[in-house]
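One-letter residues, chain by chain:
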Amino acid sequence: MRRKKITKRILIVAGSLVAILALAALGGWLYFKSTFLSFEKNNAENAQLKEITVNGYAFLDRNGNGQLDVYEDDRRSIEERANDLLAQMTIEEKLHLLKGSGLASAMGMTEPGEGIPGAAGTIVPTPRLGLPAIYLSDGPAGLRIEPKRKGEDRTYYCTAFPIGTLLSSTWNVDLVQEVGTAMGKEAVEYGVDVILGPGANIHRHPLCGRNFEYYSEDPVLTGYIGAAMVNGIEANGVGASLKHYTANNQETKRNVNNVIVSERAMREIYLKGFEIVVKKAQPWTIMSSYNKVNGTYTSESHYLLTDILRTDWGFEGLVMTDWFGGQNAPAQIRAGNDLLEPGTKKQWDALVKAQKSGELSMSDVDTSVKRILKLILGSKKMQRTTIGNNPDLKAHADITRQSAAEGMVLLKNENTLPLSSGKNVALFGVTSFDFIVGGTGSGDVNEAYSISLEEGLKNAGFTINALSKNAFEQHKMAYSKAFTRPQGFDAMMKPYNPPQMVYSAEMVGEMVKSADIGIITIGRNSGEGGDRVETDDFLLTQKENDMMNLVCQAFQSVGKKVVVVLNIGGVIETASWKNQPDAILLAWQGGQEGGNAVANILSGKVNPSGKLP
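Computed from a prediction, not measured in an experiment: that's the story for all the values here.

With that settled, the discussion passes to the overall build of the chain. Along the backbone of the chain there are 21 helices and 17 strands. What you see for the chain is a C-alpha radius of gyration of 27 Å, in line with the 25 Å of a compact globule of 613 residues. Projected onto its principal axes, the C-alpha coordinates of the chain cover approximately 85 × 85 × 55 Å. Of all 613 residues assigned to the chain, the portion counted as buried reaches 56%. A separation threshold of at least 6 residues defines the contact pool for the chain, and within that pool the share at least 24 residues apart is 76%. Put simply, the chain shows about 25,600 Å² of open surface, and 52% of that area lies on carbon and sulfur atoms. In the chain, which carries 64 positive and 67 negative side-chain charges, the distance between the mean positions of the two groups comes to 7 Å.

It is worth spelling out the environment of Gln487 at this point. Along the chain, Gln487 turns up in the loop between α16 (466–478) and α17 (488–493). The spacing of Gln487 and Glu268 is 219 residues in sequence and 41 Å in space, taken between C-alpha atoms.

Looking now at the layout of surface pockets. Vacant regions in the atomic arrangement are exposed by a probe of water-molecule size rolled over the atoms. If you add up the space inside the second largest pocket, you get close to 960 Å³. Taken together, 47 residues make up the lining of the second largest pocket; nearest its centre are Ile436, Val437, Arg485, Tyr496 and Asn525. Secondary structure elements with two or more residues in the lining of the second largest pocket: α14 (430–433), α17, β15 (517–523), α19 (534–538) and α20 (542–556). Class assignment of the residues belonging to the lining of the second largest pocket gives a composition of 20 nonpolar, 16 polar and eleven charged.

Over its 18 residues, helix α5 (residues 173–190) extends 26 Å from the first C-alpha to the last, a length consistent with the 26 Å expected when each residue adds 1.5 Å. The complete set of buried residues in α5 reads Leu175, Val176, Val179, Gly180, Ala182, Met183, Gly184, Glu186, Ala187, Val188 and Tyr190. Put simply, Asn172 is the residue that caps the front of α5, since its side-chain oxygen is 3.2 Å from the backbone nitrogen of Asp174. Just past α5, the residue Gly191 takes up positive phi, approximately 80°.

The next subject is the nonpolar core. Judged by nonpolar contacts, the single largest core of 59 residues is most densely connected at Phe428, Leu457, Ile519 and Leu602. The residues contacting Leu602, other than those within four sequence positions of it, are Leu417, Pro418, Leu419, Leu453, Leu457, Ile519, Val563 and Leu585. Formed by 58 residues, the second largest nonpolar core is a distinct cluster that contains Leu143, Val188, Tyr190 and Ile195.

This part is about α16. In a regular helix each residue adds 1.5 Å, so 13 residues correspond to 18 Å; α16 covers 18 Å between its end C-alpha atoms and thus fits that length. Of the positions making up α16, those classed as buried are Ser468, Ala471, Phe472 and His475. Relative to the axis of α16, the buried residues are bounded by an arc of 95° and lie together on one face. α16 presents Gln474 and Met477 as exposed residues on the side facing more than 90 degrees away from its buried surface. If you follow the buried residues of α16, they end up packed against β13 (424–428), α14, β14 (463–464) and α18 (505–514).

Most of the time, phi is negative for any residue but glycine, and the peptide bond is trans. Between Lys243 and the following residue, His244, the backbone shows a cis peptide bond with an omega angle of -10°. Positionally, His244 belongs in strand β6 (residues 239–245). The omega torsion across Leu417 and Pro418 is 5°, close enough to zero to call that bond cis. Tracing the backbone shows Pro418 in the loop between β12 (409–413) and β13. Not every positive phi belongs to a glycine, and Lys253 is a case in point at roughly 55°. For Lys253, the location among the structural elements is in the loop between β6 and β7 (258–259). On the accessibility criterion, Lys253 (63% relative accessible area) is exposed. The residue Asn389 is not glycine, and still its phi comes out positive at about 55°.

Here is what the cut-offs are and how they apply
- Residues numbered from 1 in each chain as written.
- Predicted model: local features only at pLDDT ≥ 70, side-chain atom pairs only at ≥ 80, totals over all residues.
- Heavy atoms only, no water.
- Helix = DSSP H or I, 4+ residues; strand = E, 2+ residues; numbered from the N terminus.
- Rg over C-alpha atoms; globule rule 2.2 N^0.38 Å.
- Buried < 20%, exposed > 50% of the residue type's maximum accessible area, 1.4 Å probe, protein only.
- Contact = heavy atoms within 4.5 Å.
- Areas by Shrake-Rupley, 256 points an atom, 1.4 Å probe, with all protein chains shown as cover.
- Lys, Arg positive; Asp, Glu negative; His and termini not counted.
- Charge placed at Lys NZ, Arg CZ, Asp CG, Glu CD.
- 1 Å grid on protein atoms, 1.4 Å probe; cavity = no way out; pocket = protein on both sides within 12 Å on 5 of 7 lines; lining within 4 Å.
- Points joined across faces, edges and corners; volume = space filled by probe spheres on them.
- Nonpolar A, V, L, I, M, F, W, Y, C, P; charged D, E, K, R; others polar.
- Expected span 1.5 Å × (residues − 1).
- Polar contact = N/O pair within 3.5 Å; in protein donor to acceptor, adjacent residues only side chain to side chain.
- Core = buried A, V, L, I, M, F, W, Y, C linked by side-chain atoms within 4.5 Å.
- Arc of directions from axis to C-beta.

Quick look at the structure:
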């Protein structure tokens, strides 16, 4: 009897703990939802605008007053229209405009038929005045939106263009502008108003996890290539967001990192690329970085955002935060950071409180609001542009293949390349068959397909050695779960790195008998939120060293050549092994057509002309 009572008490206590934990989880979810996801539910865009005609001029009566207001008249200057809007807005509407609508869209949490699933953020609508929502989307290598939507059979794939470092290796501003133009066309087709890119941070830290997004260790090259990209994107009437301003050169502890830098180094190195882009391209927006500079968060630095950016350089657009960047919302607005993304209820409340207390002046509010209004007025949304959802993905794939090949750098070639068509090629390394398109995080793209090196070589007329192909298939089958690519939001934060292969001397010896040449692919992936490391990343792994030694010795001992292809987004060590292979091609990460582009270089169809950036 006593045992039954004890058991009953244990069950009651356990049940109570489960109930408490469930309530805590529910409370946590409701807090997260109301603070970060759905606090904008009562501020839906007004989709019932009527067209009327006054004195022979047809326009949308956005505020429903039956009259032609200055801001509704697109014959007037944007300056006039913005001033008219500013005069009509309530304080609440102004403060509301200073922050985004939350993370729901970026996490794919939108109702069928609403918004753009996967878009990173918004500028919120102002329904009383008929102002639309403005959609912001990653990123620097192509749009990152959800490719599939509930209740729809069709898809919304985007083109995965080459990474920024590869594009800068072309040293070809005309070609990069062409890439930007294609990217901007996709934005127009899918209803995106601002592309969150390009990235213009300097390759100061060689192992920065996002170096693949950035252009160079040289600020002048960065500036010219960045300006070409911005001009290409914005030629379509959509905006670019130059990022991450400034000195954001590492991902590790990026939200607390304090960059201590002299004025001269700041101006000559870390700011120079941004300055060139602003003066040559005047981007619609600039994104402030997560880090501090000399003790102050960049998004709260009046010196960086107002004195340098606007007074010294003449920047005319708006500044937005990186997502959840900075700590003090009112201080950010005062400094000249106009838009807080992705927006939280906490920020909204802080702005309201600061304005009422006088901590945030109406002058500062109006300055930022006017900059945001100018962007809205200049957007395609205010021009009633039809969203076609039908970009020319085939044409953009051609641009991707061309630009990818032009940015590849031939590091070594000892009477090996180009290869004659029809050769039997033994491929080594996982990434020979599973080529890396680009890095992870906001620089990732949901593309319809990607071409591996294996596929590219087949398309160019080569034969893939059956034994090397079978070895990969067996390896993939043995580690099938590791070869499952993360999808959706997971793909943004989890680099895809399947396990490397191990080769025996017997296996390689059999391949040598039937193959004409060996190609080893070394792959590296990285992304947002963390930096690379030295061991097994900057340096070759033990498996890679063993593979390099084994393959080079086996092929070269019978007079056959070995080529190494570097499918990487950042630097790796080469000094210890570069003497072993006969040729080395730095292929970077060439987007969805990367395999075809590499094959074009190896076959001699395209002459390698890339230069180290």
